[in-house]
Number of protein chains: 2
Amino acid sequence: MSWELGPGQLQDLARGAALLGTGGGGDPFIGRLLVEHAMREHGPVTVLDPDEVDDDALIVPTAQMGAPTVVVEKIPQGSEPESALRALEAQLGRSADATMPIECGGINSMIPLLVAARTGLPVVDADGMGRAFPELQMETFSVYGVSGSPMTVAGESQETVVINCGQDNPRMEWLARGITIRLGGVAYIAEYSMTGRQMKETAVPRTLSLALSVGKAISTARGANTDPIEGVRGALAPTLYNQLRILFQGKVTDVERRTVEGFARGRATFSDFTGEHNLQVQFQNENLVAIVDGEVRCVVPDLICVLESDSGEPITTEGLRYGQRVTVIGISTPKMMRTPAALNVFGPQSFGLDYSFEPVESLSERTRKPSLST
Amino acid sequence: MSWELGPGQLQDLARGAALLGTGGGGDPFIGRLLVEHAMREHGPVTVLDPDEVDDDALIVPTAQMGAPTVVVEKIPQGSEPESALRALEAQLGRSADATMPIECGGINSMIPLLVAARTGLPVVDADGMGRAFPELQMETFSVYGVSGSPMTVAGESQETVVINCGQDNPRMEWLARGITIRLGGVAYIAEYSMTGRQMKETAVPRTLSLALSVGKAISTARGANTDPIEGVRGALAPTLYNQLRILFQGKVTDVERRTVEGFARGRATFSDFTGEHNLQVQFQNENLVAIVDGEVRCVVPDLICVLESDSGEPITTEGLRYGQRVTVIGISTPKMMRTPAALNVFGPQSFGLDYSFEPVESLSERTRKPSLST
């Protein structure tokens, strides 16, 4: 059933999306302000359950593209993602019936809502990453056969670029990244236009609701003074993301971060309070692998999320600071993101990591430390 | 009057275009082979005098874009510039009535002929640079009010990109350069689509004929064992390029050349045979300034051309080798390229040079050395 999303739910949605962003995806804070503003002007947004979307409907996903470290400094006007949508409609010679997130984590949970509020289009409760990923071919749409091209890129000065690489989605990402860098490190895009039927076959379903319920669980726990991690565990239990493991508890001791080739790359080091154990997290925009005392405990595409221990507030890589007290959790991705075809596109080796994928629940079983609760 | 250009004229045309390329523009050799092949298959090309083009005709210039140092290593299949043309026609919703060079120097004298031979379109005897320049806003089309957008970029794997920056031609160049770099350093483009009337108002006229007559003068002198430089002088005398000065005679002693940000940048040093005098030439794809014994003798947009002393063969910057015996000449550009509006776009300061433009004929008068003939 379709439902209405209003400004009152945005804070929870943003918090849940920051968690699903697994350290990347861009801080949803700025996106939330833009959506709030647009909703005050144009009213709430209609969210469509994937099942109720017509097979022949045209869905045009919209998003922001760029390094999260740049996004926090380069605020959009608000019209850019709509420009990307309109430019793609012009290419297709057809109007969109709905928009949709390409990723449910980070600021890209908000961009389609901004487009929806401004245009009156509904937004589909699904996405193409089931979390956040740094590159455009890393979408379930691509894994399961939808072409990203033609895609459009819009900049802050009304520039638009149309990229057509046929079926070659990695090539599309390569060219779009080049344009994004030249636009200053952040751009707005419309891509993977598809039919309702294609969406049902390839999208990760109900991830907008997921972000909302995860965010709400954190808020509720905070209000009730209960453990926010347990709140998240409860919210995830009935979903496709039903395995949560606590990987580490401690504090941030070091962060190396560089913005290179349009990405934020680096690693963060955490130490527990005894000083006996340590955690290393490597990231490319998003957290890729969590290594506790030299052993892999969680690896992409499973989710590695760093939360403030007290409040359960998710911390993005650009928000990591020395001394923060954190709980780092691993969350299982849906089955459709763990298939060989999916791992071939966004498994550890796609990021140049020399690990094979193993589910967080089995890694946790194998390497379980007595000092950590599960 | 329109005329036919056949394979027999291509060698002279290529030689003249290499001279007008002022060290850059890409060696026309590879382009010539492609055009010869296309002409053998499809027949000769019709060249239209600018005056006979209908005011309402749609002209779509086509070109290669990239660093000349890359062009010599990355040979096109031949269909790429036609793909760029077709993609732009699709954007405009209208078929081209003719194509045209954007620059008459270097390989871009050949690319429109390749398109013309393959498609049957005529080519207009005019261009937008009156020589070669390294950037897309450095066109008389831009100086005199034509928008480069929408432009299209085609790569070797059937990728196409459409760039629309409205009236902002430097921004268009910036984005197109980013794409060209990501395509491996060379790409094929269609841009500055315009009406026949706009072409007559903004293009440098009859530069294809110019390249042909300059090339033919060099061949003729070589055959008759006369001075090829004097042959060039004679060919230029009745044209808009009627001032030729010999800047230096000597040999190449040093070449510094780097391919950076998609351009070939560097400087070449020449010494005369007494070892008392030296010439420095700085280039960004094309030669920008010629400094003899510390004094500027010729500066962009006037043409600085390095020729083999014996044969009159033009030498591109990527062809410069230690010990070559050369004659370096300066040639006046047409008046429309020396206006304040034009110098603002492709004068010395547009290349970061700290010189004001002064015509080669007056620089030569002022700094004339007794040891050099004029």
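Counting from 1, residues in each chain are numbered in the order their sequence is written. Each chain gets a letter, beginning with A, and each ligand a number, beginning with 1, in the order they are written. At least 70 in pLDDT is required for a residue's local features to be given in this predicted model, at least 80 for side-chain atom pairs to be given and counted, and no such filter applies to totals for whole chains, interfaces and linings, which use all residues.

Helix and strand content of chain A: 12 helices and 18 strands. Radius of gyration: C-alpha atoms only; globule rule: 2.2 Å multiplied by the number of residues to the exponent 0.38. Computed over the C-alpha atoms, the radius of gyration of chain A is 19 Å, within 12% of the 21 Å expected from 2.2 N^0.38 for a compact globule of 374 residues. Expressed as lengths along the three principal axes of its C-alpha atoms, the size of chain A is roughly 60 × 40 × 35 Å. For chain A, the residues scored as buried account for 59% of the 374 residues in total. For the purposes of this entry, the term helix denotes a DSSP run of H or I that reaches at least four residues, the term strand denotes a run of E that reaches at least two, and both are numbered from the N terminus. Working definition of burial: number of other C-beta atoms within 10 Å of the residue's own, with buried at 20 or more, exposed at 12 or fewer, and partly exposed in between, all C-beta atoms being placed from the backbone.

This brings us to the relation of the copies chain B and chain A. Between chain B and chain A, which share one sequence, the superposing operator has a rotation angle of 180° and an axial displacement of 0.0 Å; the RMSD is 0.0 Å. One copy is carried onto the other by what is essentially a two-fold rotation axis. Taking C-alpha positions as the reference, the residue of chain B nearest the rotation axis is Val 162 of chain B, at 2.4 Å. By the criterion used throughout, residues are in contact when their C-beta atoms, derived from the backbone, lie within 7 Å. The share of interface residues of chain B whose copies in chain A are also at the interface is 100%, consistent with both copies meeting through the same surface. We superpose the copies by least squares over the C-alpha atoms of residues that have a pLDDT of at least 70 in both of them.

So, about the sheet that holds strand S2 (residues 45-48) of chain A. In a beta sheet, neighbouring strands are held together by backbone hydrogen bonds and run either parallel or antiparallel to one another. All names here are of chain A. Strands were regarded as paired on the criterion that DSSP finds at least two bridges between them. If you trace the 3 strands from one edge of the open sheet to the other, you get S1-S2-S5, paired in mixed fashion. Since the sheet does not close on itself, it has two edges, and those belong to strand S1 (3-5) and strand S5 (123-124), each with one partner. Bridge count between S2 and S5: 2 bridges; the pairing is parallel. In the sheet register, Leu 48 faces S5, and the bridge partner there is Val 124.

Quick look at the packing of helix H2 (residues 28-42) of chain B against helix H5 (residues 111-119) of chain B now. Residue and element names in this part refer to chain B. Lines fitted to the C-alpha atoms define the axes, with helices restricted to the stretch that makes contact. Angles between their N-to-C directions range from 0 to 180 degrees. It is at 9 Å that the axes of H2 and H5 come closest, and there the two elements cross at 15°. With respect to H5, the axis of H2 lies roughly parallel. In this structure, H2 crosses over H5, and the sense of that crossing is left-handed. In this structure, H2 contributes Gly 31, Leu 34, Val 35, Ala 38, Met 39 and His 42 to the contact, and H5 contributes Ile 111, Leu 113, Leu 114, Ala 117 and Arg 118. Residues that form the contact of H2 with H5 fall into these classes: 8 nonpolar, 2 polar and 1 charged. For classification, angles of less than 35 degrees are called roughly parallel, those exceeding 145 degrees roughly antiparallel, those between 65 and 115 degrees roughly perpendicular, and all remaining angles oblique. Each crossing gets its hand from how the near helix is turned against the far one by less than a right angle, where anticlockwise is left-handed and clockwise is right-handed. Note on residue classes: Ala, Val, Leu, Ile, Met, Phe, Trp, Tyr, Cys and Pro are nonpolar, Asp, Glu, Lys and Arg are charged, and everything else, Gly too, is polar.

So, about the domain arrangement of chain A. All names here are of chain A. Domain boundaries assigned for chain A yield domain 1 (3-205) and domain 2 (222-367). Marked domain ranges trace back to an automatic or database domain assignment. A separation of 24 Å is found between the C-alpha centroids of domain 1 and domain 2. Those elements giving two or more residues to the side of domain 1 that touches domain 2 turn out to be helix H1 (10-20), helix H3 (68-71), helix H6 (140-143) and helix H7 (169-182). For the side of domain 1 that touches domain 2, the leading source of residues is H1, giving 4 residues.

This next bit is on the interface of chain B and chain A. Between chain B and chain A, the contact holds 17 residues from the first and 17 residues from the second. Those elements that place two or more of their residues in the side of chain B that touches chain A are strand S8 (160-164) and helix H7 (169-182) of chain B. Counting residues per element, the side of chain B that touches chain A draws most heavily on H7 of chain B, at 7 residues. Pairing analysis gives 5 bridges linking strand S8 (residues 160-164) of chain A to S8 of chain B, with the strands arranged antiparallel. Bridge assignment links Thr 160 of chain A to a residue of S8 of chain B, and that residue is Asn 164 of chain B.

Residue and element names in this part refer to chain A. The strand order across the open sheet formed by 7 strands is S16-S15-S14-S13-S12-S18-S17, and the pairing between neighbours is antiparallel. Taken across any chain shown, the strands that pair with only one partner, and hence form the sheet edges, are strand S16 (295-299) and strand S17 (303-308). Here the strands of the sheet are splayed against their neighbours by 35° on average, with no regard to which way each runs. Pairing between strand S12 (residues 244-260) and strand S18 (residues 325-331): 7 bridges, direction antiparallel. Bridge pairing in S18 places Lys 251 opposite Arg 325.

So, about helix H5 (residues 111-119) of chain A. Residues and elements named next belong to chain A. Within H5, 8 of the 9 residues are buried, which leaves the element mostly enclosed by the surrounding structure. Contacts made by the buried residues of H5 are with S1, helix H2 (28-42), S2, strand S4 (62-66), helix H4 (80-92) and S5. Downstream of H5 by one or two residues, Gly 120 has phi in the positive range, about 85°.

Within a predicted model, pLDDT stands for the predictor's per-residue confidence, ranging from 0 to 100. Confidence in the prediction of chain A, expressed as mean pLDDT, is 94, and 98% of residues score 70 or more. Model confidence for the complex is summarised by a pTM of 0.90, with the ipTM given as 0.86.

Residue and element names in this part refer to chain A. If you check H4, its first and last C-alpha atoms are 19 Å apart, about what 13 residues at 1.5 Å a residue would give, namely 18 Å. Inspection of H4 places Glu 80, Pro 81, Glu 82, Ser 83, Ala 84, Leu 85, Arg 86, Ala 87, Leu 88 and Gln 91 among the buried residues, and these make up the whole buried set. On its buried face, H4 sits against S4, H5, strand S7 (151-154), S8 and strand S9 (186-190). Phi turns positive, to about 65°, at Gly 93, one or two residues after H4. One less than the number of residues in a helix, times 1.5 Å, gives the span that helix is expected to have.

Take the pairing of S4 of chain A next. Residues and elements named next belong to chain A. With 5 of 5 residues buried, S4 lies mostly within the body of the structure. Of the two faces of S4, the one lined by Thr 62, Gln 64 and Gly 66 and the one lined by Ala 63 and Met 65 are each fully buried. Strand direction decides the pairing type here: S4 and S9, joined by 5 bridges, are antiparallel. Bridge pairing in S9 places Met 65 opposite Ala 187.

Attention now moves to the pairing of S18 of chain A. A regular strand carries its side chains on alternate faces of the sheet. Residues and elements named next belong to chain A. Of all 7 residues in S18, 5 are buried, a share of seventy percent or more. The pairing of S17 with S18 spans 6 bridges and is antiparallel. The partner of Ile 304 across the bridge, within S18, is Gly 330.

Residue and element names in this part refer to chain A. Running from N to C, H1 and H2 cross one another at 155°; their axes reach a closest spacing of 10 Å. Comparing their axes, H2 and H1 come out roughly antiparallel. Judged by the twist between their axes, the crossing of H1 over H2 is right-handed. Along the contact surface, H1 presents Leu 10, Gln 11, Ala 14, Ala 17 and Ala 18, while H2 presents Pro 28, Phe 29, Arg 32, Val 35 and Glu 36. Across the contact of H1 with H2, the residue classes break down as 7 nonpolar, 1 polar and 2 charged.

Take the environment of Leu 212 of chain B next. Residues and elements named next belong to chain B. Within the secondary structure layout, Leu 212 lies in helix H9 (residues 207-224). With 205 residues separating them along the chain, Leu 212 and Pro 7 place their C-alpha atoms 12 Å apart. Leave out the neighbours within four places in its chain, and Leu 212 touches Gln 9, Asp 12, Leu 13 and Gly 16.

Moving on to unusual backbone geometry. The residue after Ser 149 of chain A, namely Pro 150 of chain A, is reached through a cis peptide bond having omega -10°. Structurally, Pro 150 of chain A can be placed in the loop between H6 and S7. In this structure, Asn 285 of chain B takes a positive phi of about 60° despite not being glycine. Mapped onto the elements, Asn 285 of chain B comes out in the loop between strand S14 (278-284) and strand S15 (286-292).

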